[in-house]
Structures are given as structure tokens and as C-alpha cells.
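# What the coordinates show
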Amino acid sequence: MKQKLVFATNNAHKLSEVSAILGDKIELLSLNDIDCQDDIPETADTLEGNALMKARYIYNKYQQNCFADDTGLEVEALNGAPGIYSARYAEGESHNSEANMKKLLANLEGETNRKAQFRTVVAVIIDGKEHLFEGVVKGNIIENKRGTTGFGYDPIFVPEEHNKTFAELGDEVKNRISHRSRAVEKLCKFLTLIQ
């Protein structure tokens, strides 16, 4: 029987991305699938803390094996910002990708160091035991948006060893090389070991 695992998100982009990576090894459930409409707090000051906070919330309330992730874009010239605030970087705007990209590009205007990295931390709780997995992809922030696929900062981030943005590479390539896929692949390996 396939192992069931709740992914503590209702973000359709994330769900399809992770579902594609996990394949048919795991039965992936969303928060909707377990009838969770709660606004799960993300008030920690690290990606690890936020991922654990979300996973613990689901595990404690629903008693289901689960995992949660938190992702941040960390820009070298901005001392790691936007980091944990990546989704709400533009003040007063929650999950507004356009506003977030506009603010980031404005903050990098005239800056020659465009190095950045996407970092995802996945926290999984299986039978009460907690585990963390990290995925990182390094790259650069370009000056103008390019591409139409993906979400978030994808149109302005070019991963190392590529000359196209995540938004130009398309989902299939992005899912192979992304920070989230690297963290989720580690999660997959772990899940196969404990089955």
C-alpha cells in the first residue's frame, strides 16, 4: 500500500511541482484533502523554523504523517534578503510576485554583484519523528524579467550553468534542477529507506 503523506500547502504550483518529483511512490495529500482551511502560522526567523512550525501544526492537529517546506531567495548583495520574507517582500503585499520582483530589482539597481541562491528546507514528521532536508540552487538575478512559466521570482533568476531563467527553462527542466526538487529528492530517498 502506498504511503500517505500530507504536504502542508494549498499552493497549486508547489503541489504540482512536488507531485511531479515524487511520482507515484507516495500518495500526496494537500491541506484541502484533509479539510484544513487554517491559516498556519509562519512566524519563525529561519526557513527551518517555519517549515517545522507548519509540519508540527499539521501533525499535532491531524495526527497524519506530513511535511512542509519553506523557501527563500537569498541575495548576496542584500545580506541574504529577502530570505524568509521572499513571498511578502513588498510591504503590505502578500504573495504578489510582480511587486516582489519590482522591489528586488529596485534594491539591486546599480549593483554589480547579482549572486543569489534559492534555498528550500523541507521538514517531515513521520510517526512523531522530525527530519530536515535542504536543497539549494545558486545563480544570478538578471535586470529584466524573461519567460512565462513558473512562479515567484522565476522570471529574474538564472540558475548556474544555464543562460535561461527558471521561467524560460519550463517546468520539466526546473523540476529537475530546482532547490525544491533537490530537497524533495532527499525526502524521497529517506522515505524509501524507511518503508
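In what follows, the structure referred to is the one given above.
Read on for an overview of the structure.

Rules and cut-offs
Residues numbered from 1 in each chain as written. Predicted model: local features only at pLDDT ≥ 70, side-chain atom pairs only at ≥ 80, totals over all residues. Heavy atoms only, no water. Helix = DSSP H or I, 4+ residues; strand = E, 2+ residues; numbered from the N terminus. Rg over C-alpha atoms; globule rule 2.2 N^0.38 Å. Buried < 20%, exposed > 50% of the residue type's maximum accessible area, 1.4 Å probe, protein only. Contact = heavy atoms within 4.5 Å. Areas by Shrake-Rupley, 256 points an atom, 1.4 Å probe, with all protein chains shown as cover. Pairing = 2+ DSSP bridges. Salt bridge = Lys/Arg side-chain N within 4 Å of Asp/Glu carboxyl O. Core = buried A, V, L, I, M, F, W, Y, C linked by side-chain atoms within 4.5 Å.

## Examining the overall build of the protein
Looking only at helices and strands, the protein features five helices and seven strands. In the protein, the succession of helices and strands from N to C terminus is β-α-β-α-β-β-α-β-β-β-α-α. Computed over C-alpha atoms, the radius of gyration of the protein comes to 17 Å, within 12% of the 16 Å expected from 2.2 N^0.38 for 195 residues, which places it in the range of a compact globule. C-alpha atoms of the protein, sized along the principal axes, occupy 55 × 30 × 25 Å. Within the protein, the proportion of its 195 residues that are buried is 49%. Intrachain contacts of the protein at a sequence separation of at least 6 include 53% that bridge at least 24 residues. When the accessible surface of the protein is totalled, it reaches about 10000 Å², and 46% of it is carbon and sulfur.

## Comments concerning the pairing of strand β3 (residues 66–75)
Among the ten residues in β3, ten count as buried, and that is most of the element. Taking every second residue as pointing to the same face, both faces of β3 are buried, with Cys-66, Ala-68, Asp-70, Gly-72 and Glu-74 on one and Phe-67, Asp-69, Thr-71, Leu-73 and Val-75 on the other. Inspection of the sheet shows strand β1 (residues 3–7) paired to β3 by two bridges, in the parallel sense. Across the sheet, Val-6 pairs through a bridge with Cys-66, a residue of β3. Direction of pairing for β3 relative to strand β5 (residues 115–126): antiparallel, over a ladder of ten bridges. Bridging from a neighbouring strand, Asp-69 pairs with Val-122 of β5. The pairing of β3 with strand β4 (residues 82–83) spans two bridges and is classified as antiparallel. Looking across to β4, one finds that Glu-74 is bridged to Pro-82.

## Things to note about the pattern of salt bridges
Taken as a whole and assessed by the stated rule, the structure comprises eleven salt bridges. Salt-bridge contacts for Arg-56 lead to Glu-130; the nearest nitrogen and oxygen are separated by 2.7 Å. Of this pair, Arg-56 sits in helix α2 (residues 47–62) while Glu-130 sits in strand β6 (residues 129–141); the two residues are 74 residues apart in sequence, bridging distant segments of the chain. With a relative accessible area of 36%, Arg-56 lands in the partly exposed category. Taking the relative accessible area as the measure of exposure, Glu-130 reaches 39% and is therefore partly exposed.

## Focus on the nonpolar core
Core analysis: the biggest nonpolar cluster contains 20 residues, and Leu-73, Val-75, Leu-104, Ile-141, Tyr-153, Ile-156 and Phe-157 have the highest contact counts within it. Mapped onto this core, the elements with two or more residues apiece are β3, α3 (97–107), β5, β6, β7 (157–159) and α4 (166–177). If we skip the residues at most four places from it in the chain, Tyr-153 touches Leu-73, Pro-82, Ser-86, Tyr-89, Asn-100, Met-101, Leu-104 and Phe-118.

Just geometry here; none of it tells us what the structure is for.
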